[in-house]
Amino acid sequence: MCAGVLLTARVLAVKAGAAAAGDAPVNRQAGEIVASVAIGQVMESRVSRRRFIRVAGVAVVVGAGASGVGVSLMPVEPVTTGDGRVRSAGSGPTRSVADLRGAGTPASGGTRQQHVLTARTARVRLPSGREVDAWAYNGQVPGPPITVTQGDLAEVALRNTDIQDGVTVHWHGYDVACGEDGVPGLTQNVVAPGEEFVYRFRADQVGTYWYHTHQVSDRGVRKGLYGTLVVTTRIMQQADAAPGQVDLTLPVHTFDGTVVIGDSDQRTEHAVSAGAPVRLRLINTDSQPHHFALAGTPFRVAAVDGRDLHGPGEVSDVRLRLAAGGRYDLVFVMPDRSVALVCDNDRDGGLRLRAQDDPTGAGPGVEDTSGWPELDLLHYGTAAAVPFDTGAPDRHFMMVLDRGVAMVDGAPAYAQTVNGRGHPSIPDQLVTEGDVVRFTVVNRSLETHPWHLHGHPVLILSRNGTPSSGSPLWMDTFDVRPGEVWEVAFKAANPGIWMNHCHNLPHADQGMMLRLRYDGVTTPFEHSPAAHAHHHG
C-alpha cells in the first residue's frame, strides 16, 4: 500500500507543481491516468498482483465526472494532444515521411562515405572457440564499424541475402531525417530477401551511436544484427594526434548468456603508453542494463548518448549503470599502471589496458567493484543554460508504464502497456513543429523500462520530483526503474512520425511502444504485426 500511495503522490505532486508554475490545467486524459494509477495501486494492496491482473484485466480508468468505467480493450481516439499550451493543428501542409529524406551531398569540406551492409544468416566463431548461429551484417558480429567525420555524407546500402523475416537499419540515437529512420511499416517497407534499401544522411552530430535492425527487433538484434556508428570532428582529424592516444569503441552484447565486448567473449588486453589520452566508448546493445567499473584510474564521463557533458569532474571507485541502448564515453590519461574495465563485476573478463612500462605486466588482480556506489548522472557535471523554456511546454504527455491485458497487434494479450493499452492501440502523440514537449513517465510495473524516443534527444528535468542539478543531461534512452517518475523535455524540430518505445525489445514486442506524430505528416507504409512479433530462438 505504501509504495502505491507514494507513486500516486509523486504523480499528483508533479501535476500540482506544473499548475503552480502556471502551466495549462490538467486535461481529462491526464486525470484519467492518475486515477488509474491510484485505483490500481489501492486494489493491488488488497490482493496479489497476479490476482489483480486476472480479475481486473487492466487498470480501471475513471474520468472526472464520468458515470462509468472502461478497460483497455475498448476503442480509443487515435490521437492525443496532451496538456499544455496546445497550438492549433491541421492548418499546415501535408507531408509524407517518404519525402522526408536525408541530404544528398556532404557539407563543405566533407566527403561521401559509402558502405554496404549485407544481412545474412551466419555461423560465427567467437575468440573462445564457441560458435553462434547468428543473423549478421556482412557475416560478422558486431557488424562493420561505421566511422565518419563531421560533415561527411554517409551512404549505406542495406542488402538482405536470406533473413526471411526481413531487415532494416535504425540509427539509434542519431537524429536522421524521418525517412532514414529504418522503421518498417512506418518510414519504409521492410527489406525482404533479395532486396536493397539505401540510407543517406549528413553526419552533423559528433559522438558515439549504433545501428540495428528494427524489423522483428527483439530476435534480430539478439541474434547479431547490430553495429557501431562513430562520428568524429573534422578538427580532431586535421590536428596532430596526441602521441599514443587510444580510442576504443566497445559494444556489449549477450549471446545466450555469453557476454561479448567488442568482438571478443574473452578478456582483451591493449598496451598503452603512460600519459596517453584514452577514450572508451561503451555501448549497451542488450535489452537489460549493464554495470561498468573502471579500476586503476580516475576518469571523466565525457559524453552520454553521444552528447558532451558540461564540466564533467574526475571520479573514481564508482559504478556506471548503462541503460539498454545507451552509451557512455569515458576519458582519462593512462597512468603508469594497468587499468581494468569490469562489466557486471566479471573480474576475469572485460578489458585490460596494460601500461607499457609497468613491470607487473597486467597488474594485480582486480578488486571486487560490486560494492562501489553508482554514479548519479543527474547530479554530475556543472549546470549550464538550455536552449528552451521547460517550465511552460506547448505539449505535455503522461505515459504510465505497466502490465495488463490489452490488444497487441489485433489480439488480446498479457501485455506491456502504456496508459493501459498496447501497440498499435495506443493513441499517437500529436505535436507541431516548434513545440516544446514535456513527458512525464511513470513506471507502475515491477520491471525497468529503458525509454527511447526516435529522432530527438530529451533533456532530463527530474527523477521522482528531484530536479537534475548537474550538467544538462541529454539522453535518447533513459532507464525508468520500478516506481520511478521521470520528467523530460525536447524541442519538436525534426518533422516525421517517430517511434516512442521501451528499448527492452521484448517489452516493445509485447506492446510497449507508440508513435509521436508531427501535425500534417503522413506515411504511405502499412504496419504489419509481423514487424514486431516476438519470436523465440
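Residues numbered from 1 in each chain as written. Predicted model: local features only at pLDDT ≥ 70, side-chain atom pairs only at ≥ 80, totals over all residues. Heavy atoms only, no water.

Q: Any chance you could explain the pattern of salt bridges here in plain terms?
A: Any two side chains of opposite charge can pair, given that their charged atoms come close. Counting across every chain of the model gives 29 salt bridges. As a salt-bridge pair, Arg219 and Asp165 come within 3.7 Å of each other at their nearest N and O atoms. Of this pair, Arg219 sits in helix α4 (residues 217-222) while Asp165 sits in the loop between β6 (153-160) and β7 (170-172), and the two are 54 residues apart along the sequence. Residue Arg444 pairs with Asp402 through a salt bridge whose shortest N-O separation is 2.4 Å. One end of the pair, Arg444, is in the loop between β25 (436-443) and β26 (449-453); the other, Asp402, is in strand β22 (residues 395-408), and 42 residues separate them in sequence. Looking at Asp402, the relative accessible area reads 6%, which means it is buried. One connected set of salt bridges, linked through shared partners, spans Asp175, Asp305, Arg307, Arg327 and Asp476. (Salt bridge = Lys/Arg side-chain N within 4 Å of Asp/Glu carboxyl O. Helix = DSSP H or I, 4+ residues; strand = E, 2+ residues; numbered from the N terminus. Buried < 20%, exposed > 50% of the residue type's maximum accessible area, 1.4 Å probe, protein only.)

Q: I keep staring at the sheet that holds strand β4 (residues 131-137) and nothing clicks. Help me out?
A: The strands making up a sheet associate through backbone hydrogen bonding, with each pair oriented either parallel or antiparallel. The strand order across the open sheet formed by four strands is β4-β3-β6-β8, and the pairing between neighbours is mixed. Both edges of this open sheet fall to β4 and β8 (196-202), since each of them pairs with a single strand only. Between one strand and the next, the sheet's axes are offset by a mean angle of 25°, whatever the strand orientation. (Pairing = 2+ DSSP bridges. Axes fitted to C-alpha atoms, helices over the stretch in contact; angles between N-to-C directions.)

Q: Got a minute to help me understand the packing of aromatic side chains in this structure?
A: All told, the structure shown has 11 aromatic pairs when counted by the stated rule. Considering the side-chain rings of Phe397 and Phe439, the 6.3 Å spacing of their centres and the 65° angle between planes classify their relative orientation as edge-to-face. Here the residue Phe397 occupies a position in strand β22, and Phe439 occupies one in strand β25, the gap between them amounting to 42 residues. Phe439 carries the same exposure label as Phe397, and that label is buried. Ring-pair connections join several aromatic residues into one group, and the members of that group are Tyr137, Trp171, Tyr174, Phe197, Tyr199, Phe201, Tyr209 and Tyr211. (Phe/Tyr/Trp six-rings, centres within 6.5 Å; stacked < 30°, edge-to-face > 60°.)

Q: How should I be thinking about the sheet that holds strand β15 (residues 290-295) in this particular structure?
A: Strand order across the open sheet formed by five strands is β13-β21-β20-β15-β18, with mixed pairing between neighbours. Of all the strands in the sheet, just β13 (268-272) and β18 (319-322) have a single pairing partner and so form its edges. Within this sheet the neighbouring strands show an average axis-to-axis angle of 20°, counted without direction. The pairing of β13 with strand β21 (residues 346-355) spans five bridges and is parallel. The partner of Ala271 across the bridge, within β21, is Arg354.

Q: I keep staring at the environment of Leu294 and nothing clicks. Help me out?
A: By the secondary structure assignment, Leu294 is in strand β15. Distance from Leu294 to Arg319, taken between C-alpha atoms, is 7.8 Å for residues 25 residues apart in sequence. Setting aside anything within four residues of it in sequence, one finds Leu294 in contact with Leu280, Phe299, Phe332, Val339, Ala340, Leu341 and Trp372. (Contact = heavy atoms within 4.5 Å.)

Q: Could you clarify how one ought to interpret the nonpolar core in this entry?
A: In this structure, Leu280, Val301, Leu353, Phe439 and Phe478 are the most contacted members of the largest nonpolar core, which totals 72 residues. Those residues within four positions of Phe478 in sequence are excluded, and the remaining contacts are Val441, His449, Pro450, Trp451, Val458, Ile460, Trp486 and Val488. Counting 25 residues, the second largest nonpolar core, distinct from the first, contains Trp135, Tyr137, Ile146 and Ala203. (Core = buried A, V, L, I, M, F, W, Y, C linked by side-chain atoms within 4.5 Å.)

Q: Explanation requested: the pairing of strand β3 (residues 112-125) in the structure shown.
A: Consecutive side chains of a regular strand alternate in pointing toward one face of the sheet and then the other. By the bridge criterion, eight bridges tie β3 to β6 in an arrangement that is parallel. When the bridges of β6 are listed, Gln114 appears paired with Glu155. By the bridge criterion, seven bridges tie β3 to β4 in an arrangement that is antiparallel. The residue bridging Val124 from the neighbouring strand is Val132, located in β4. A loop of five residues connects β3 with β4, the two strands running antiparallel in sequence, and Gly129 in this loop sits at a positive phi of about 100°.

Q: Could you clarify how one ought to interpret the confidence of the model for the protein chain in this entry?
A: Any region with low pLDDT has predicted coordinates that should not be read closely. Within the protein chain, residue pLDDT values average 86, and 80% of them lie at 70 or more. Counting interchain partners and residues more than four positions distant, the pLDDT-below-50 stretch residues 532-537 has 19 contacts. (pLDDT = per-residue confidence, 0-100.)

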